[in-house]
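# Overview (structure and organization)
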Amino acid sequence: MIIAEMRSGQVTLSLKALQEDPLIRFADQAGRILNGPITKIVPFGVFVQLAPDIVGFLHLSELTDEPAETPDQLVDEGQLITVKVAEVDLQRHRVRLGAAGGADGS
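Here we summarise the structure given alongside this text. (Residues numbered from 1 in each chain as written. Predicted model: local features only at pLDDT ≥ 70, side-chain atom pairs only at ≥ 80, totals over all residues. Heavy atoms only, no water.)

### A short note on unusual backbone geometry
Positive phi outside glycine occurs at D53, with the angle close to 70°. Mapped onto the elements, D53 comes out in the loop between strand 4 (45–51) and strand 5 (54–59). (Helix = DSSP H or I, 4+ residues; strand = E, 2+ residues; numbered from the N terminus.)

Here it is in structure tokens:
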């Protein structure tokens, strides 16, 4: 089955719309400590693979207490990292991560 949507005279087809959002099953993971590989490094943080189809974001400020201009000074892509799931935002479709050893986890 394919879902079709009509917008301003155009038809949009989506197979993905038929699949369950993987974040729905992951929503109860907030507060958990997880390990995963760094999948991408950006100037302000890193993306970490937490589960199949689930990637979370860890801000640069959560990587270290020491001053650093970019995350690639601290970590490498593919490196395993331990993080705390700070928030699973279903509406914005985002997973925010915090330092695993942080006092407040945010």
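### What about the packing of aromatic side chains?
As enumerated under the stated definition, the model contains two aromatic pairs in all. On the numbers, 5.0 Å between centres and 55° between planes, the contact of F47 with F57 is tilted. With F47 in strand 4 and F57 in strand 5, this residue pair connects regions lying 10 residues apart in the sequence. (Phe/Tyr/Trp six-rings, centres within 6.5 Å; stacked < 30°, edge-to-face > 60°.)

### A look at the pairing of strand 4
Here strand 3 (residues 33–42) runs beside strand 4; their pairing, made up of four bridges, is antiparallel. Looking at the pairing, K40 lines up with F47 of strand 4. In textbook terms, the turn of a hairpin is the stretch between consecutive antiparallel strands, and for strand 3 and strand 4 this stretch comprises two residues. Sheet topology places strand 4 next to strand 5; six bridges connect them, and they run antiparallel. The partner of A51 across the bridge, within strand 5, is I54. Between strand 4 and strand 5, which pair antiparallel in sequence order, lie two residues; one of them, D53, sits at a positive phi of approximately 70°. (Pairing = 2+ DSSP bridges.)

### A word on the pairing of strand 7 (residues 94–99)
With two bridges connecting them, strand 5 and strand 7 associate as parallel partners. In the sheet register, L58 faces strand 7, and the bridge partner there is L97. Across six bridges, the pairing between strand 6 (residues 80–89) and strand 7 is antiparallel. Its bridge partner lying in strand 7, K84 is registered against G98. Connecting strand 6 to the next strand, strand 7, in antiparallel fashion are four residues, including H93 with a positive phi near 55°.

### A word on the environment of I38
Inspection of the secondary structure puts I38 in strand 3. Look at I38 and you get buried, because its relative accessible area is 2%. Through-space distance from the C-alpha of I38 to that of F57 is 9.6 Å; in sequence the pair is 19 residues apart. Look past the residues within four positions of I38 in its chain and what remains in contact with it is V46, F47, V48, V75, D76, E77, G78, Q79 and I81. (Buried < 20%, exposed > 50% of the residue type's maximum accessible area, 1.4 Å probe, protein only. Contact = heavy atoms within 4.5 Å.)

### Re the side chain of Q29
Mapped onto the secondary structure, Q29 falls in the loop between helix 1 (22–26) and strand 3. Only 3.1 Å separates the side chain of Q29 from the side chain of D28, close enough to count as a polar contact. Reaching out from Q29, the side chain makes a polar contact with the side chain of R32 at a distance of 2.6 Å. (Polar contact = N/O pair within 3.5 Å; in protein donor to acceptor, adjacent residues only side chain to side chain.)

This is a description of form; function is not addressed.
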